[in-house]
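Each chain is listed here by its residues.
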Amino acid sequence: LHYYRLVGYDYSIRHGDLWPRYAPAFVFGYGLPIFNYYSPLAMLPMELFHLLGLDFIRALLAGVVIYTFLGALGAYLLGDAWGGSTAGIVTSAAYAYAPYILLNWTRRGSITECCALAILPWVLWAFHRLALRGRRRDFALAVALLALFILPHNVTALAGAALLGGYCLLLWSISPNRRQSLLRLGIGLALGVGLAAFFWMPALFEKDYVKLENVSPANPAYDVANHFQTLDQIFAAPEPVDLSRQDFEVPRPLGWPQVILALLGVGMVTAGALKTRSKRSGSPDGQYEGFLKRSGVVGAQRAVPAGRPDVDPSYDHRSPVAWGFNPRNCLPFLIFALPVIVFLVFMVTGSSLWFWRHIPLLDFWQFPWRLIGQASLLIAVLAGLGTALLAERIPRPALRFAWVIAVLLSFVLAGLPWLYVVYDPAPVVDSVADLHAFEQETRWIGTSSQGEYLPTWNQSLPDPAALADRFAESDVIPRLQPNTDLSVEAEKWRITAAHLIVYAEEPTRLVFDWLYFPGWLATVDRKPVEVTPYGPEGFVS
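Asks: Give a detailed account of the overall build of the protein, specifying residues and quantitative values.
Replies: Across its full length, the protein holds 20 helices and seven strands. Evaluated residue by residue, the protein yields a buried proportion of 52% over its 541 residues. Within the protein, residue pairs in contact and separated by at least 24 positions form 71% of the contacts whose partners lie at least 6 positions apart. Accessible area for the protein stands at about 25000 Å²; split by element, carbon and sulfur atoms hold 62% of it.

Rendered as structure tokens:
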């Protein structure tokens, strides 16, 4: 679906609409407000690759590669922030090779969710810097990344917002200046959400203008009750690849190496924290002194004017200590992550049905196992901490290096079976005519399986072949339907607009081959006139 959705997005981009809310390439060329509800941001890098000369399928795959590396780099920064570079490297590999991340693009092809999950660790890392360092560039980075995270995938944005809220409480609790940290975090969250309001507000408040009920719990295929997983499925081992099978259903699990090393992290952080005694247990700086030093906070309070949370000029955050950090510094993250992981796993099981039925907006979640993505990130960080803490106890550098390499290889080897899919030849797609043929053949109208983005005024699909000849002649087609009561003396067409000079002796109705959606404007002799839906198809008139 995203492959053909990219074709429709490319059509709008090539004709000057950089952020199309209404995309006229879909529904056989009659148009659809799909991007009013499903952000095109995730397809932007792929569209750039296509404009540079790649065909659609290679542009799509290039985008997936970028999101894979982007997510891995963000996970590295997040792990490094809590445990140093070794923890960052392991966190990066654990997240990149998490089964859910691999299955998401190989089996589901959910490019938008891949994009959102790639940005998520960056957001947590940016707010970590904002809370503990508080510089202007940290503030700008946190706000911008939060806005970017909200845009690609609505469902992941909801889950990520809840996760980020809890994470900010954690950061506030360990901040050396809680009052200023609370102010920075609160304003950063508000501005990030506000910057993305141009997308989420129409998507939320105009949801009744399209047929989202087609993917509501009323449709058993999209009822969360039919998509829970058991604990056996959540913690399933990789299945051996059976090349004799055409295709097979697989669970969406947490990776075994990631879970085992996360448990190691839980044990080592807990044991190390119990043994460690703070030199100044009554002071937040003393309790988390090593952690705050790596974050560039300790020492700065005496080096800058009072009340200004700045950084220690002598500290270089880009060169963290690879070996040797206090397990107690990781304890706050453990206290936060462990119950959140347990809760996320619980919400994927059938025991959580009451919450899905009673919490607002969860009706449209469709698949509870989407929460495995957030759990995979937290588990990856714990796995990084566990690996780094154990490496610190290994006296010989060569053995420490071998231990880390063995951990990284375990992620790769355990992830390989999840990459197995049956590869089909890429369909040849050169124009919107191929998109229209796909819609006719599959009946996935508007590149959605249930037609959920069709306007509510559309009660009958328009003729799928009526515009084919016009699109064969030109990318931009005339859309005025025949009318014997008028004559057209001049016309100029764009993909979502027209300028006509017409003559009529009597008042008459102009009907256009676009599907109606609120927002269309029209003037006659420079005077505004009402635009209304017409006929069972809901044409613009």
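Asks: Before we move on, could you go through the nonpolar core and cite the residues and values that matter?
Replies: Counting 147 residues, the largest nonpolar core has W82, F127, Y167, F333 and L382 as the members making the most contacts within it. Here this core gets 16 residues from one element, more than from any other, and that element is helix α5 (residues 111–132).

Asks: Just give me the short version of helix α4 (residues 99–106), but keep the residues and values in it.
Replies: Most of α4 is tucked away: seven of the eight residues are buried. Within the sequence span of α4, burial applies to P99, Y100, I101, L102, L103, N104 and T106. For α4, the secondary structure elements touched by its buried residues are α3 (56–96), α5, α11 (256–275), α17 (372–392) and α18 (397–415).

Asks: Explain the side chain of T106 to me, and be specific about the residues and the numbers.
Replies: Residue position: T106 is located in helix α4. In this structure, T106 is in contact with W418, L419 and V421, ignoring residues within four places of it in sequence.

Asks: Outline unusual backbone geometry, listing residues and values.
Replies: For T447, which is not glycine, the phi torsion reads 55° and is therefore positive. In this structure, T447 sits in the loop between α19 (432–442) and α20 (468–473). Backbone geometry places R526, a non-glycine residue, at a positive phi of 70°. Among the secondary structure elements, R526 is positioned in the loop between β4 (522–524) and β5 (527–529).

Asks: An account of the sheet that holds strand β6 (residues 533–534) is requested, with residue identities and associated values reported.
Replies: Strand order in the open sheet made by the three strands is β3-β7-β6, with antiparallel pairing throughout. Looking at the sheet topology across the chains shown, the edges are occupied by β3 (512–515) and β6. Pairing analysis gives two bridges linking β6 to strand β7 (residues 539–540), with the strands arranged antiparallel. In the sheet register, Y534 faces β7, and the bridge partner there is F539.

Asks: Can you explain the packing of α11 against α17? Please cite residues and give values.
Replies: At a closest axis distance of 7 Å, the pairing of α11 and α17 adopts a crossing angle of 60°. Taken together, the axes of α11 and α17 lie oblique to each other. Seen along the crossing, α11 lies across α17 with a hand that is left-handed. Between α11 and α17, the residues in contact are Q258, V259, L261, A262, L264, G265, V266, M268 and V269 and I379, L382, A383, G386, T387, L389 and L390, respectively. When the residues that make up the contact of α11 with α17 are grouped by side-chain class, the tally is twelve nonpolar, four polar and no charged.

Asks: Describe a nonpolar patch on the surface, listing the residues and the values that go with them.
Replies: A cluster of nonpolar side chains, contributed by F401, I405, L409, L413 and L416, occupies part of the molecular surface with about 500 Å² of accessible area. Residue F401 is classed as exposed on the basis of its relative accessible area, which comes to 57%.

Asks: A description of the pattern of salt bridges should follow, citing residues and the corresponding values.
Replies: On inspection of all chains with the given rule, the structure shows eight salt bridges. Among the ionic pairs, E113 bridges to R108, the shortest N-O distance being 2.7 Å. On the basis of relative accessible area, E113 is assigned to the buried category, the value being 0%. The exposure class of R108 is partly exposed, given its relative accessible area of 25%. Notably, a salt bridge pairs R357 with D223, separated by 2.9 Å at the nearest N-O pair. One end of the pair, R357, is in helix α16 (residues 353–358); the other, D223, is in the loop between α9 (197–205) and α10 (231–234), and 134 residues separate them in sequence. Residue classification places R357 among the partly exposed positions, given a relative accessible area of 36%. According to the relative accessible area criterion, D223 is buried, its value standing at 10%. One connected set of salt bridges, linked through shared partners, spans R108, E113 and R370.

Calculation notes
Residues numbered from 1 in each chain as written. Predicted model: local features only at pLDDT ≥ 70, side-chain atom pairs only at ≥ 80, totals over all residues. Heavy atoms only, no water. Helix = DSSP H or I, 4+ residues; strand = E, 2+ residues; numbered from the N terminus. Buried < 20%, exposed > 50% of the residue type's maximum accessible area, 1.4 Å probe, protein only. Contact = heavy atoms within 4.5 Å. Areas by Shrake-Rupley, 256 points an atom, 1.4 Å probe, with all protein chains shown as cover. Core = buried A, V, L, I, M, F, W, Y, C linked by side-chain atoms within 4.5 Å. Pairing = 2+ DSSP bridges. Axes fitted to C-alpha atoms, helices over the stretch in contact; angles between N-to-C directions. Parallel < 35°, antiparallel > 145°, perpendicular 65-115°, else oblique. Left-handed = near helix turned anticlockwise from the far one by under 90°. Nonpolar A, V, L, I, M, F, W, Y, C, P; charged D, E, K, R; others polar. Patch = residues over 30% accessible without salt bridge, like charges linked within 9 Å, V, L, I, M, F, W, Y side chains within 5 Å. Salt bridge = Lys/Arg side-chain N within 4 Å of Asp/Glu carboxyl O.

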